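Each chain, letter by letter, is given below.
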Amino acid sequence: MTEEARRRGRNETEEERADRMWGELIQEVRVAQTGVQILFGFLLTVVFQPKYAQLADVDKAIYIVTVVLGACATGALIGPVSLHRLVSGRRVKPQAVRLASRLTFVGLVLLLATMTSSLLLILRVATHDGYVPYLVSAVVTWYLVCWYGLPLWARRKHSSRSGDRSGSY
């Protein structure tokens, strides 16, 4: 076993690693896609509700931004599927996995923004209270801890000091 394979913990070729990473990425994308598609579907129905016409202009603007963010998140999180379909059999899987991983990350950031603006809109309409920005900030902080803080902490704490990039796809 080579030093590189020992450091990664697996004895696999670049293609085998790309296959494994692709499978893992697709499982992650399935979870995120489902959530963003359900959220986006609900967002699309809001404009057809009678109460929409009664919303303040600022709430309508938040809604429009939320729908656009949701559409962008949906596109980014479905992108890896299209990417795989269009490059399948072209012997570019390692490059495709890297690109799909980046698309997924962008999709998760956009999903965070969509959820933030959705929560802001819902709480503004439901409560009309001044504490809404603080509550939304607390929830966003929780998302940041769960989605980025803990994973980055774990990566830093448990990655080898010799430049382990096994999760860099």
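Reference entry: report on the structure contained in this document. Predicted model only: the values in this text are computed from it and were never measured.

**Some words on the pattern of salt bridges**
Enumeration according to the criterion identifies four salt bridges in this entry. Here glutamate 24 makes a salt bridge to arginine 20, at a shortest N to O gap of 3.3 Å. With glutamate 24 and arginine 20 both in helix α2 (residues 14-46) and four residues apart, the pair spans about one turn of that helix. A residue is classified by how much of its surface remains accessible, and arginine 20, at 22% relative accessible area, is partly exposed.

**Some thoughts on helix α3 (residues 57-87)**
Taking 1.5 Å as the rise per residue, α3 with 31 residues should run 45 Å; its terminal C-alpha atoms sit 45 Å apart, in good agreement. At glycine 79, α3 shows its maximal bend, which comes to roughly 35°, and the proline proline 80 appears one to four places after that position.

**Thoughts on the side chain of threonine 114**
Topologically, threonine 114 is positioned in helix α4 (residues 93-127). Residue classification places threonine 114 among the buried positions, given a relative accessible area of 1%. Residue contacts for threonine 114: discarding those within four places in its chain leaves Leu39, Leu43, Thr66, Leu69, Gly70 and Ala73.

**Some details on the nonpolar core**
As a rule of thumb, soluble globular proteins bury nonpolar side chains together. Judged by nonpolar contacts, Ala18, Met21, Trp22, Leu25, Ile26, Val29, Leu83, Ala96, Val97 and Ala100 together constitute the single largest core of ten residues. Listed by contribution, the elements that provide at least two residues to this core are α2 and α4. No other element matches α2, which puts six residues into this core. With eight residues, the next largest nonpolar core counts Phe40, Leu55, Ile62 and Tyr63 among its residues.

**Concerning the packing of aromatic side chains**
Scanning the model with the defined rule gives four aromatic pairs in all. Ring geometry for phenylalanine 105 against tyrosine 148: centres 5.7 Å apart, planes inclined by 75°, an arrangement best described as edge-to-face. On the criterion of sequence distance, the pair formed by phenylalanine 105 in helix α4 and tyrosine 148 in helix α5 (residues 132-158) is long-range, its members being 43 residues apart. The exposure class of phenylalanine 105 is partly exposed, given its relative accessible area of 46%. Taken together through their ring pairs, the aromatic side chains of Phe105, Tyr143, Trp147 and Tyr148 make up a single cluster.

Thresholds applied
Residues numbered from 1 in each chain as written. Predicted model: local features only at pLDDT ≥ 70, side-chain atom pairs only at ≥ 80, totals over all residues. Heavy atoms only, no water. Salt bridge = Lys/Arg side-chain N within 4 Å of Asp/Glu carboxyl O. Helix = DSSP H or I, 4+ residues; strand = E, 2+ residues; numbered from the N terminus. Buried < 20%, exposed > 50% of the residue type's maximum accessible area, 1.4 Å probe, protein only. Expected span 1.5 Å × (residues − 1). Bend = angle between axes of the 7 residues up to and from the residue. Contact = heavy atoms within 4.5 Å. Core = buried A, V, L, I, M, F, W, Y, C linked by side-chain atoms within 4.5 Å. Phe/Tyr/Trp six-rings, centres within 6.5 Å; stacked < 30°, edge-to-face > 60°.

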